[in-house]
Amino acid sequence: MKNWLSSFNGLSVVKILIYVFFGVFLLLPLISVFLVSFTSEPINLLGSIADPNILSSTIEKFKNVSFANYEKIFTNLTYLSAVKNSLGLAILVSLIVIVMCIPIAYGIARTKMPFKKTIAALCTIPLIVPTFISAYAIIIMFGRAGWVTYIYQSLGGEGMLLDPYSMAGIVLVQVFFFFPYALWPMVAAFKVSDISLEEASLNLGAKNWFTFIFVTFPLAIPGLISSALLIFTVSFSDFGTPIILAPKDLNLLVVEAYREIAGFFNWGGAAILTVIMVLVAAFFFWLQHLFTKGKNYGSVSGKPKQQKLNDTKWLTRTLSGYSLILVIVPLLAMLSIVLQSVATTWGSNPLPNGYTFAHYQTIFTSSLGNIQNSIILALGALVLSVVIATFVSYFVVRQNSSRLDFMTSIPLVVPGIAFGIALIQTFNTAPLHLTGTALLLIVAYTIRRLPYMVRSTMGTMRAIKQDIEEAAINLGATPLTAAITIIGPLMLPGIAAGSILVFITVIKETSISILLAPADWAPMSLAIFQNILRGEYYTAAAMSVVLVVIVLILQAVGNRISKNQL
Amino acid sequence: MGSVKVSQLTKEFSGVLALKNVSLDIKEGEFFALLGPSGCGKTTTMRCIAGFEQPTSGIIQLGETEVNHIPPNRRNCGMVFQSYALFPHMNVFDNVAYSLNIKQLNASNLVAKLPVYLRLLNRKLGNYPKYIEQKVMEILEYVELDQYAMRLTSELSGGQQQRVALARSLLMEPAVLLMDEPLSNLDQKLRHSMRNTIRRIQQDLGITTIFVTHDQEEAMSMADRVAVMDSGEVKQIGTPIELYSRPSTPFIANFVGTSNVLKGSVIGQENGFSIIKGKGFILKSTNHADQTEVNLIVRPENIKAFKPGTINEDKLTNIIDGTVLVSTYLGSIVRYDIKVDEYQLVVDTTFVPGEAILTEGEKVQLSIDPERVLII
């Protein structure tokens with residue numbers, strides 16, 4: 001009896017600890033930042049509980065509550081244009097991505113187009129590269145001294161084909177580096193429509209194009225809309241591209257919020273922008289959720305579908321050519337970075353003036369610390385996520401704790417820059433003075449990436465039947481022994497796959513690193529960012545290559561693990 | 001040890017009563033079946049005994065000890081799960097050895113625990129002591145699986161997996177063996193031979209066994225005694241013969257074999273017979289009832305069917321007139337559905353080659369031995 005009770009209590013304590021963790025590091029910062037948007041001064045909620053002096057000053061601040069910041073959204077032209085520009089950017093990017101991807105998705109889903117595997121493989125490149133590196137690659141290509149510009153000018157063009165430091169440049173990066181997020185859901189959407197429906201349409205006398213427009217396409221629309229909403233959220237929350245490419249006169253929410261906090265320490269301004277970002281992102285996330293849940297024509301018929309693939313020569317060749325041209329752009333961008341990293345100098349020529357490994361030498365001597373930091377921080381976040389995610393999925397799957405499920409998915413809707421601002425605001429004074437420590441950085445990474453980890457471990461946990469756990473207990477094992485000897489080993493593949501994902505995303509993480517990392521804990525992403533700002537492009541490129549290689553290796557390991565799982 | 005006593009067991013799941021005052025008294029060495037349709041509470045009863053569910057009220061005793069507050073890992077009730085619940089990451093040997101590992105784990109100090117944990121996590125990390133190896137191989141031989149000791153459980157057939165699960169439970173030398181629909185995942189033929197295997201092992205070891213099933217044939221052919229459950233209540237407990245010949249309710253009469261249920265009222269007594277009158281019939285029975293409104297139970301094989309006028313009526317009692325609705329030839333028997341007033345009676349007659357089968361629409365006379373007319 002003692003054993004049963006104590007293990008029960010142990011689990012309950014863990015559950016409470018997890019709630020406290022999320023309460024302190026997720027909910028408290030978000031609530032604080034919401035309050036600050038009214039008071040315009042930092043609110044120390046934790047301090048108010050601990051110290052009566054702070055409490056009285058907090059109460060004092062609450063007396064000054066006003067809607068001034070909210071009025072500013074409409075009166076302050078900077079804020080207003082930031083909101084407009086950010087929404088415009090996200091809408092534009094999602095529309096372009098969807099239109100651009102329709103032929104590729106159709107080609108992959110419904111035709112026998114040549115090079116399908118190559119195209120699919122090339123589509124993974126954008127997912128590996130952090131956006132601020134892609135943004136920088138676009139500068140190498142389209143900038144004043146870029147090789148695309150060179151080719152354009154030698155063909156008789158004037159100036160630049162496209163100025164990377166502009167809205168157009170940002171759109172270009174986001175379109176080419178976010179489209180894979182939409183592509184795979186869209187492929188699935190095109191698979192919904194059954195070939196037999198199309199044959200029925202043809203049989204009833206419709207022409208091919210008529211069938212596509214009135215049968216195939218409408219069936220894919222729910223999937224397309226959902227993909228568009230997903231791209232909207234991703235583009236809206238992206239910090240890496242705008243911070244590198246946004247010109248001074250182009251206001252975007254993420255950049256504006258970053259400037260308010262890092263440049264002017266304007267708490268009220270940063271808070272109101274954060275609140276707007278979270279609300280918009282949450283709204284579109286909710287919309288997307290609604291779409292994926294509600295309209296699924298795919299489940300109408302229960303019989304297995306036979307897919308007959310379109311094999312019309314001119315069509316498949318056109319589609320394949322079109323797709324290859326598009327998916328090769330990210331590859332070219334990455335190759336440009338690689339070239340830059342081994343160039344002595346690279347001026348306005350299509351190729352570098354000479355080649356050297358000096359930049360790699362530089363980073364492996366002077367910037368080894370950044371690589372180390374990245375790995376240590378990522379490992380820290382990984383360990384923390386593994387522990388929390390394992391328990392969370394246990395509570396969600398075995399005890400139906402839907403509240404915990406909801407809590408762990410909140411970070412999905414909070415843009416990184418917003419979360420960073422909320423954390424800085426909350427933890428920059430006693431009693432929990434954590435801003436500028438590695439600990440807060442690790443906690444921030446963990447919370448931001450936990451939803452992915454939880455999804456992975458929850459899947460494996462669901463696959464383990466309760467019977468198996470009960471059988472172990474029935475054979476005399478205590479719940480703890482059963483967890484160690486049965487549940488643990490069975491969950492291992494899910495945990496491994498999830499932790500590699502966490503590790504990769506933490507190494508790529510930009511917004512949190514730039515906002516929160518202290519100088520002595522600067523990870524690679526921050527070092528690259530600073531190098532770009534300082535104009536040390538060659539070392540930035542070399543460091544980017546190292547980062548991408550690390551990610552690539554881990555991704556390969558991860559794929560191997562998840563394959564073995566099957 | 002060995003006997004199981006359940007008294008006034010009640011279990012509530014969010015306002016719904018899954019068990020209502022279930023009481024069972026199972027003797028040591030008995031093969032006891034819990035029989036009932038799905039959702040009747042038989043599995044819940046078993047899970048309460050195993051300790052996976054806490055009863056809302058009531059007492060569970062194993063031997064002389066009350067076990068309500070003993071955790072499931074200390075109850076020593078071997079359970080064979082419906083899905084077998086074999087550990088997918090372990091081979092047959094490791095699965096069966098699990099309980100011995102646990103026993104060693106509980107008996108040893110912190111340092112000695114480590115090698116046990118290691119070999120539980122991965123076989124290559126530690127060797128089993130000789131005595132464990134011997135015991136496991138012994139039981140595997142007993143269930144004829146010694147050839148498969150090093151196989152992964154996923155490589156075994158359903159029947160083999162079933163025997164691994166059984167061996168795994170038996171090796172812990174449980175006071176009681178609990179089996180939750182152990183045959184439901186097997187095909188027809190295998191089910192038949194597994195029935196015999198389970199029964200043989202149970203008799204060999206003399207182990208008290210509780211067996212949950214929804215299949216009356218399974219329960220009747222294997223168990224010493226059967227408890228029939230319906231909507232959370234025990235309706236009747238008895239040997240298979242008692243249940244068949246003296247079902248206590250029409251539900252049981254129909255659940256255990258096929259029955260004809262007729263409603264009638266007792267209109268008098270005559271030479272020790274009760275006379276019952278209903279729609280379309282007047283029947284004599286050797287049974288007696290205290291109330292006047294009664295149900296009559298007649299098994300299909302206890303009704304004889306004749307063409308009218310072919311038999312001297314004086315020799316027979318309990319003659320009823322009817323019409324054949326359907327006749328089905330089933331090999332050794334012929335089954336008739338016969339309309340008698342508002343009733344549709346099922347009648348089984350032995351098929352005699354050369355004798356004509358009654359055809360649909362034909363008038364027929366039925367005769368029932370008063371001893372076979374059961375009043376309940």
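Parameters and conventions
Residues numbered from 1 in each chain as written. Chains lettered and ligands numbered in written order. Predicted model: local features only at pLDDT ≥ 70, side-chain atom pairs only at ≥ 80, totals over all residues. Heavy atoms only, no water. Contact = heavy atoms within 4.5 Å. Buried area = accessible area lost by both parts, 1.4 Å probe. Salt bridge = Lys/Arg side-chain N within 4 Å of Asp/Glu carboxyl O. Polar contact = N/O pair within 3.5 Å; in protein donor to acceptor, adjacent residues only side chain to side chain. Helix = DSSP H or I, 4+ residues; strand = E, 2+ residues; numbered from the N terminus. Nonpolar A, V, L, I, M, F, W, Y, C, P; charged D, E, K, R; others polar. UniProt positions renumbered as here; feature names shortened; annotations may be inferred. Phe/Tyr/Trp six-rings, centres within 6.5 Å; stacked < 30°, edge-to-face > 60°. Buried < 20%, exposed > 50% of the residue type's maximum accessible area, 1.4 Å probe, protein only. Lys NZ or Arg CZ within 6 Å of the ring centre and 35° of its normal. Pairing = 2+ DSSP bridges. Domains from an automatic or database assignment. Disulfide = S-S within 2.5 Å. Axes fitted to C-alpha atoms, helices over the stretch in contact; angles between N-to-C directions. Parallel < 35°, antiparallel > 145°, perpendicular 65-115°, else oblique. Left-handed = near helix turned anticlockwise from the far one by under 90°.

1. Notes on the interface of chain A and chain B
- Contacts between the two partners involve 21 residues from chain A, matched on the other side by 30 residues from chain B.
- Summing both sides of the interface, chain A and chain B together bury roughly 2300 Å²; the carbon and sulfur share of this comes to 65%.
- Looking only at chain A, the three residues that lose the most surface to chain B are Glu 470, Asn 474 and Leu 475 of chain A, adding up to 30% of its buried area.
- For the interface between chain A and chain B, the tally reads 1 salt bridge.
- Applying the counting rule to chain A against chain B returns 6 residue pairs in polar contact (both at pLDDT 80 or more).
- Secondary structure elements with two or more residues in the side of chain A that touches chain B: α1 (2-39), α22 (466-474) and α23 (479-508) of chain A.
- Class assignment for the residues of the side of chain A that touches chain B results in 13 nonpolar, 6 polar and 2 charged.

2. Describing the UniProt feature "domain: ABC transmembrane type-1" (unreviewed entry) in chain A
- As recorded in UniProt, the sites labelled "domain: ABC transmembrane type-1" (unreviewed entry) are residues 83-288 and 371-558 of chain A.
- As annotated, residues 371-558 of chain A comprises 81% helix and 0% strand, and the C-alpha atoms at either end are separated by 20 Å.

3. Some words on the side chain of Thr 426 of chain A
Residues and elements named next belong to chain A.
- Take Thr 426: it is sitting in helix α20 (residues 416-427).
- Engagement of the side chain of Thr 426 in a polar contact is seen with the backbone oxygen of Ala 422, the distance being 2.7 Å.
- Setting aside residues no more than four positions away along its own chain, Thr 426 makes contact with Leu 28, Pro 29 and Ser 32.

4. Thoughts on the packing of aromatic side chains
- On inspection of all chains with the given rule, the structure shows 22 aromatic pairs over all chains.
- Between Phe 232 of chain A and Phe 236 of chain A, the ring centres sit 5.9 Å apart and the planes meet at 10 degrees, which makes this aromatic pair stacked. In this pair, Phe 232 of chain A and Phe 236 of chain A are both assigned in helix α12 (residues 208-237), 4 residues apart and thus about one turn of the helix distant. The burial state of Phe 232 of chain A is the same as that of Phe 236 of chain A; both residues are buried.
- Ring geometry for Tyr 329 of chain B versus Phe 351 of chain B: centroids 5.0 Å apart, planes at 70 degrees, classification edge-to-face. With Tyr 329 of chain B in strand β16 (residues 319-329) and Phe 351 of chain B in the loop between β18 (343-350) and β19 (363-368), the pair connects residues that are 22 residues apart, well separated along the chain.
- An aromatic cluster is present here, built from Phe 232, Phe 236, Phe 283, Phe 284 and Trp 286 of chain A joined pairwise through their rings.
- Directly above the aromatic system of Tyr 142 of chain B lies the positively charged group of Arg 200 of chain B, at a separation of 5.7 Å from the ring centroid.

5. Concerning the pattern of salt bridges
- Applying the stated criterion across every chain, the model contains 17 salt bridges over all chains.
- Connected through salt bridges with shared partners, the residues Arg 448, Arg 449 and Glu 509 of chain A form a single ionic network.

6. Digging into the sheet that holds strand β13 (residues 281-285) of chain B
Residue and element names in this part refer to chain B.
- The strand order β13-β12-β11-β14-β20 describes an open sheet built from 5 strands, whose pairing is antiparallel. Edge positions in the open sheet fall to β13 and β20 (374-375), since each of these has one partner strand only.
- Relative to strand β14 (residues 293-298), strand β11 (residues 260-270) runs antiparallel, the two sharing 6 bridges. Bridging across to β14, Gly 264 finds its partner in Val 294.

7. As for the domain arrangement of chain A
Residue and element names in this part refer to chain A.
- When cut into domains, chain A gives domain 1 (1-37 + 357-566) and domain 2 (67-350).
- The C-alpha-based centres of domain 1 and domain 2 are spaced at 27 Å.
- In this complex, domain 1 contributes 37 residues to the contact, which on the side of domain 2 involves 40 residues.
- Summed over both partners, the interface of domain 1 with domain 2 buries about 3400 Å², with 79% contributed by carbon and sulfur atoms.
- Here domain 1 and domain 2 share 5 residue pairs in polar contact (both at pLDDT 80 or more) between them.
- Taken together, the elements giving at least two residues each to the side of domain 1 that touches domain 2 come down to α1, α17 (358-366), α20, α24 (511-516), α25 (524-534) and α26 (537-565).
- Here the element with the most residues in the side of domain 1 that touches domain 2 is α26; it accounts for 11 residues.

8. So, the state of the cysteines
- Enumeration over the complete set of coordinates arrives at 0 disulfides over all chains.
- Looking at the unpaired Cys 101 of chain A, the closest cysteine sulfur is the one in Cys 123 of chain A, lying at 7.6 Å.
- With no disulfide of its own, Cys 77 of chain B has Cys 48 of chain B as its nearest cysteine by sulfur position, at a separation of 12 Å.

9. Observations concerning the sheet that holds β19 of chain B
Residue and element names in this part refer to chain B.
- In space, the 5 strands of this open sheet follow the order β15-β19-β16-β17-β18, with antiparallel pairing throughout. Two strands bound the open sheet, and with one partner strand each, they are β15 (303-306) and β18. Averaged over all pairs of adjacent strands, the angle between their axes in this sheet comes to 45 degrees, without regard to strand direction.
- Here 4 bridges tie β15 to β19, and the two strands are oriented antiparallel to one another. Paired with Ile 303 across the strands is Ile 368, a residue of β19.

10. Section: the environment of Cys 48 of chain B
All names here are of chain B.
- Inspection of the secondary structure assignment puts Cys 48 in helix α1 (residues 42-50).
- Along the primary structure Cys 48 and Asn 68 are separated by 20 residues, whereas in three dimensions their C-alpha atoms are 8.6 Å apart.
- If we ignore the near neighbours within four places in the chain, the residues touching Cys 48 are Leu 9, Leu 19, Glu 53, Pro 55, Ile 60 and Arg 75.

11. Section: the domain arrangement of chain B
- Domain assignment breaks chain B into domain 1 (4-245) and domain 2 (258-375).
- The C-alpha centroid of domain 2 of chain B is placed 44 Å from the C-alpha centroid of domain 1 of chain B.

12. Concerning the packing of helix α2 (residues 92-107) of chain B against helix α5 (residues 158-171) of chain B
Residues and elements named next belong to chain B.
- One way to put it is that α2 packs onto α5 with a least axis distance of 7 Å and a crossing angle of 25 degrees. With respect to α5, the axis of α2 lies roughly parallel. Considering only the axes of α2 and α5, their crossing is right-handed. Contacts between α2 and α5 involve Val 92, Asn 95, Val 96, Ala 97, Ser 99 and Leu 100 from the former and Val 164, Ala 167, Arg 168 and Leu 171 from the latter.
- Looking at the contact of α2 with α5 residue by residue, the classes come out as 7 nonpolar, 2 polar and 1 charged.

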